[in-house]
Amino acid sequence: MTNPNAHDITVLNGLIETTLDSVDGYREAAEQTEDPHYRTLFETRSAERRQVVEDLSGAVRGLGGDPEPQGSILAKAHRAFLDVKHALLRNDDSVVGSIDSGEGFIADKFEKALEDAGISATTRETVRRAYAAIKVGHDEMHALKHSLEGQRDASNPLYPT
């Protein structure tokens, strides 16, 4: 017998997988930075994303499914590449830029899930609430990236005064 909620479970598990990647990415960013402010920011964001995973996992269980237990293999490979890039560049700009890129990816996944006409109204509301939490982090990291770019540009001797 097939689960009538199979599509909702698949959508939610895809979001869980991506959010677990985000949890891991923030945790690794916290480990890589030497700036205590960034470390605290990244650790906080990792914990917030862990809560989103718990909420989505509860919804999957409520639908009779098994929540995704781990992130994607592709994300692990991507983080390994970023570790090398960060080791070569040795600056927080590269970490924040990578996080901003990941934030764009996760935001797109949640937006696509919200546009999915095949999910139930209950699942759509669960995704909407989770996306609200994701969006806060997305916007904050995007602003931080642009702030760092502005600081870097302002310290350039060719920057107009």
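Computed from a predicted model, the values in this text were never measured in an experiment.

Draft legend 1. Structural context of the overall build of the protein chain. From N to C terminus, the protein chain includes 5 helices and 0 strands. Across the 161 residues in the protein chain, those meeting the buried criterion constitute 40%. Of all intrachain contacts in the protein chain linking residues separated by at least 6 positions in sequence, the fraction that spans at least 24 positions is 77%. Approximately 9,200 Å² of the protein chain is accessible, and the part contributed by carbon and sulfur atoms is 57%.

Draft legend 2. The arrangement of helix α2 (residues 36-62) in detail. Over its 27 residues, α2 runs 39 Å from end to end, which matches the ideal 39 Å to within 8%, given 1.5 Å per residue. Turning to α2, its buried residues are Tyr38, Leu41, Phe42, Arg45, Ser46, Arg49, Val52, Val53, Leu56, Ser57, Ala59 and Val60. A positive phi of about 90 degrees marks Gly64, the residue just after α2.

Draft legend 3. Just the packing of aromatic side chains, in detail. Summed over all chains, the structure comprises 3 aromatic pairs. Between Tyr26 and Phe42, the aromatic rings sit 6.2 Å apart at their centres with planes inclined by 40 degrees, giving tilted as the arrangement. Here Tyr26 is found in helix α1 (residues 6-32), whereas its partner Phe42 is found in helix α2, with 16 residues between them in sequence. Of the two residues, Tyr26 and Phe42, both sit in the buried class.

Draft legend 4. Up close: the packing of α1 against α2. Their axes nearest at 8 Å, the elements α1 and α2 cross at an angle of 160 degrees. By the criterion of interaxial angle, the relationship of α1 to α2 is roughly antiparallel. The way α1 lies across α2 gives a crossing that is left-handed. When its residues are assigned to classes, the contact of α1 with α2 shows 15 nonpolar, 5 polar and 6 charged.

Draft legend 5. Just α1, in detail. End to end, α1 covers 39 Å across 27 residues, agreeing with the expected 39 Å (1.5 Å per residue, within 8%). Of all the 27 residues making up α1, 19 are buried; the element is thus mostly covered by neighbouring parts of the structure.

Draft legend 6. The nonpolar core, seen in detail. In terms of nonpolar packing, the biggest core is built from 22 residues, with Leu12, Leu15, Leu56 and Phe110 touching the most fellow members. With 7 residues, α1 is the largest single contributor of residues to this core. Leu15 has contacts with Leu56, Lys109, Phe110, Ala113 and Val127, leaving out every residue within four places of it along the chain. Core analysis: the second largest hydrophobic core is formed by 9 residues, Ala30, Tyr38, Met141 and Leu144 among them.

Draft legend 7. Structural detail: the pattern of salt bridges. Enumeration over the complete set of coordinates arrives at 9 salt bridges. Arg45 is the salt-bridge partner of Glu48, the closest N and O atoms lying 2.1 Å from each other. Of this pair, Glu48 and Arg45 both sit in helix α2, 3 residues apart, which is roughly one turn of that helix. Linking Arg45 and Glu140 is a salt bridge whose minimum nitrogen-to-oxygen distance equals 2.0 Å. Pair noted here: Arg45 is in helix α2 and Glu140 is in helix α5 (residues 121-154), with a separation of 95 residues, a long-range link. Take Arg45: its relative accessible area is 4%, and that puts it in the buried class. Its relative accessible area of 34% is what places Glu140 among the partly exposed residues. A network of salt bridges, in which partner residues are shared, links Asp24, Arg27, Glu28 and Glu31.

Cut-offs applied
- Residues numbered from 1 in each chain as written.
- Predicted model: local features only at pLDDT ≥ 70, side-chain atom pairs only at ≥ 80, totals over all residues.
- Heavy atoms only, no water.
- Helix = DSSP H or I, 4+ residues; strand = E, 2+ residues; numbered from the N terminus.
- Buried < 20%, exposed > 50% of the residue type's maximum accessible area, 1.4 Å probe, protein only.
- Contact = heavy atoms within 4.5 Å.
- Areas by Shrake-Rupley, 256 points an atom, 1.4 Å probe, with all protein chains shown as cover.
- Expected span 1.5 Å × (residues − 1).
- Phe/Tyr/Trp six-rings, centres within 6.5 Å; stacked < 30°, edge-to-face > 60°.
- Axes fitted to C-alpha atoms, helices over the stretch in contact; angles between N-to-C directions.
- Parallel < 35°, antiparallel > 145°, perpendicular 65-115°, else oblique.
- Left-handed = near helix turned anticlockwise from the far one by under 90°.
- Nonpolar A, V, L, I, M, F, W, Y, C, P; charged D, E, K, R; others polar.
- Core = buried A, V, L, I, M, F, W, Y, C linked by side-chain atoms within 4.5 Å.
- Salt bridge = Lys/Arg side-chain N within 4 Å of Asp/Glu carboxyl O.

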